[in-house]
Amino acid sequence: MSSEWVATVAGAPVAVAEVDVREAGLRGGPHANALPGPGTSEGRQLRRWLTQLLVTERVIAAEAATRGLDGAGAPAEDDLLPDVTARLEIGSIAAAALADPRARALFADVTAGVRIGAHDVAAYHARNPLRFARADVTSHGWRVPPDAAPPLEEVRSAINAHLLAAARRRAFRVWLDARRAALVQLAPGYEHPGDPRQPDNTHRH
């Protein structure tokens, strides 16, 4: 791995020392026992992941500054990433970066124009008729699956909100991937953890 820098973002270097600091913070934290050992294949993958997070934070900070976004009025993190599924959809790097209110303000700005069509809502309801149906409650307080699907108009707003949130996460992920591709140059040894060309990305059983 490079001895001085791990990447450049728009030509500005990201020092190895910055990855060292992030790694030390994790290894001194409450989840240190769950981390891979330093110098192992998995340990190098952790450093690659931290590198991705660092360059992503820089890309986001630069773009937020260009757009005049300081994080004021940003949506809450739980609103953008309400559950594990949402975090998996957007990816672990973007999910971690969205802890910063500037990143969430940028998310809102980038995805402001995303819309869901009425046809998409109707098609989703046809494929998943019970997805937003309310469970029936028995006289003993037990919740049981509904007998019939609710009419579309009853669940339209819920379906629209569900599809819109997913579409916005997808749009932000695609936008962020494109900005990183344009601005980031990784040093040898600090390739993306999922890059099949780097030696630590191996599939084992």
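Our subject is the structure listed above.
Note that the structure is a prediction, hence the values are computed from the model and not measured. (Residues numbered from 1 in each chain as written. Predicted model: local features only at pLDDT ≥ 70, side-chain atom pairs only at ≥ 80, totals over all residues. Heavy atoms only, no water.)

*Asks:* Explain the packing of helix α1 (residues 16-27) against helix α2 (residues 41-66) to me, and be specific about the residues and the numbers.
*Replies:* Where α1 meets α2, the axes come as close as 10 Å, and the angle between the chain directions of the two elements is 115°. Compared by their axis directions, α1 and α2 come out roughly perpendicular. In this structure, the crossing between α1 and α2 has a hand that is right-handed. Contacts from Val16, Glu18, Val19, Asp20, Arg22, Glu23, Leu26 and Arg27 in α1 reach Leu46, Arg47, Leu50, Thr51, Leu53, Leu54, Glu57 and Arg58 in α2. A per-class count over the contact of α1 with α2 returns seven nonpolar, one polar and eight charged. (Axes fitted to C-alpha atoms, helices over the stretch in contact; angles between N-to-C directions. Helix = DSSP H or I, 4+ residues; strand = E, 2+ residues; numbered from the N terminus. Parallel < 35°, antiparallel > 145°, perpendicular 65-115°, else oblique. Left-handed = near helix turned anticlockwise from the far one by under 90°. Contact = heavy atoms within 4.5 Å. Nonpolar A, V, L, I, M, F, W, Y, C, P; charged D, E, K, R; others polar.)

*Asks:* Explain the pattern of salt bridges to me, using residue names and the numbers behind them.
*Replies:* For the coordinates displayed, the defined rule picks out 17 salt bridges. A salt bridge links Glu63 to Arg179; the shortest N-O distance between them is 3.7 Å. Placement of the pair is Glu63 in helix α2 and Arg179 in helix α8 (residues 152-183), with a sequence separation of 116 residues. Judged by relative accessible area, Glu63 falls into the buried class, the value being 14%. Classification of Arg179 as partly exposed rests on a relative accessible area of 26%. Among the ionic contacts, a cluster of salt bridges with common partners joins Asp20, Glu23, Arg27 and Arg47. (Salt bridge = Lys/Arg side-chain N within 4 Å of Asp/Glu carboxyl O. Buried < 20%, exposed > 50% of the residue type's maximum accessible area, 1.4 Å probe, protein only.)

*Asks:* Can you lay out the nonpolar core for me, pointing to particular residues and giving the numbers?
*Replies:* One finds Val6, Leu81, Ile90, Leu98, Phe172 and Leu176 to be the most contacted residues of the largest nonpolar core, which totals 30 residues. By residue number, the principal contributor to this core is α2, which donates seven residues. Each residue touching Val6, except ones within four places of it in the same chain, is listed here: Val14, Ala15, Val16, Val19, Thr51, Leu186, Ala187 and Tyr190. (Core = buried A, V, L, I, M, F, W, Y, C linked by side-chain atoms within 4.5 Å.)

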